[in-house]
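Observations on the three-dimensional arrangement
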Amino acid sequence: MKEFKFTIDGHTYTTSVNEIEDNVAEVVVNGTTFNVVIEKEEQKPAVVAARRHQAAVETVAAPAVAGGLQTVKSPLPGSIMKVLVSVGQKVKKGDVLLTMESMKMENNIMAEADGVVKAIYVETGKNVMQDDKLVDLETVATAAPMAAPAPKPAAAPAPAPKAEAPKAAPAPKADVPAGGKKVTSPLPGSVIKVLVSEGQAVKKGDTLLTLESMKMENAIMAECDGTVSKIVVSAGQTVMQEDLLLILG
């Protein structure tokens, strides 16, 4: 027999449970015995669905992707350069909604799905912080593709001999001429396109190359007038933060 003490509204109660028979318990509260009826939860019988025998290969249709309201937020703090859409405008996945300047880069904010612009929260020249609302899109419901048939189980192949993992290639290096200026990557990403060539004269603010990073297309711009003396990256190349991109003479 266990005793329990409770304090309710400043009053102390000593309670013990002597015995339980069926659903009736004998409970003693401060020396007074009570017969307490315990309500038992009715247990519902489990429903088991019968499974039909199926073939070894099965094709399953994935559910449709439902449309809904999608809020496009700023991935980084920065300043809005230009809003390229208007409320009510239809857009396709990959369309540029607006451009913003962040970390000395021009960033294209793109739609991640087809839809209609329902609201615009920013305007040209406005400063935004990370995760600030930019645009609301009413996305369009699309049917998901059919799932591929499940492959038949095959015998496990013999384990292949362990191969030494390839070492990562070192970041490109180049000699910097006297008075030259290195242009490095502000973020990890992938080079989309190099827009200049060696020996080309550029002005401050000219776009040197475009870089895809954090689902954004970023324009890497010249910070001063100069001449492209060396290009050390090419389209499709992956770079890390602070990797050398090119040198201005």
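For the structure itself, consult the block above.
Cut-offs and rules
- Residues numbered from 1 in each chain as written.
- Predicted model: local features only at pLDDT ≥ 70, side-chain atom pairs only at ≥ 80, totals over all residues.
- Heavy atoms only, no water.
- Pairing = 2+ DSSP bridges.
- Helix = DSSP H or I, 4+ residues; strand = E, 2+ residues; numbered from the N terminus.
- 1 Å grid on protein atoms, 1.4 Å probe; cavity = no way out; pocket = protein on both sides within 12 Å on 5 of 7 lines; lining within 4 Å.
- Points joined across faces, edges and corners; volume = space filled by probe spheres on them.
- Nonpolar A, V, L, I, M, F, W, Y, C, P; charged D, E, K, R; others polar.
- Contact = heavy atoms within 4.5 Å.

On to the sheet that holds strand β12 (residues 133-139). Taking strand neighbours across the sheet as the criterion, the four strands line up as β5-β12-β10-β7 in an open arrangement whose pairing is antiparallel. Where the open sheet ends on each side, the last strands, each with one partner, are β5 (69-73) and β7 (90-91). As judged from the five bridges shared by β5 and β12, these two strands associate in the antiparallel manner. Bridge assignment links V72 to a residue of β12, and that residue is V135.

Our next topic: the pairing of strand β3 (residues 24-29). Here strand β2 (residues 11-21) runs beside β3; their pairing, made up of six bridges, is antiparallel. Within β3, the residue paired with S16 across the bridge is V28. In sequence, β2 turns back onto β3 through a hairpin of two residues, with D22 there showing a positive phi of about 55°. Sheet topology places β3 next to strand β4 (residues 32-37); six bridges connect them, and they run antiparallel. Across the sheet, residue V28 finds its bridge partner in β4, namely T33. In sequence, β3 turns back onto β4 through a hairpin of two residues, with N30 there showing a positive phi of about 50°.

It is worth spelling out the layout of surface pockets at this point. There is about 290 Å³ of room inside the largest pocket. In this structure, the largest pocket is lined by 15 residues; those nearest its centre are V72, I109, M110, E112 and K215. Elements with a minimum of two residues in the lining of the largest pocket: β5 and β9 (105-110). For the lining of the largest pocket, the leading source of residues is β5, giving four residues. A breakdown of the residues in the lining of the largest pocket according to their chemical character gives seven nonpolar, four polar and four charged. If you add up the space inside the second largest pocket, you get close to 200 Å³. What lines the second largest pocket is simply M103, K104, M105, K181, K182, V183, T184, P186, I220, M221, A222 and E223. Mapped onto the lining of the second largest pocket, the elements with two or more residues apiece are β13 (181-184) and β17 (216-221). Looking at which element gives the most residues to the lining of the second largest pocket, the answer is β13, with four residues. Residues of the lining of the second largest pocket, tallied by class, amount to seven nonpolar, one polar and four charged.

Attention now moves to the environment of M216. In this structure, M216 sits in strand β17. Here the alpha-carbon distance between M216 and G189, two residues 27 residues apart in the chain, equals 9.6 Å. Setting aside residues no more than four positions away along its own chain, M216 makes contact with P75, L76, N107, N108, I109, M110 and L211.

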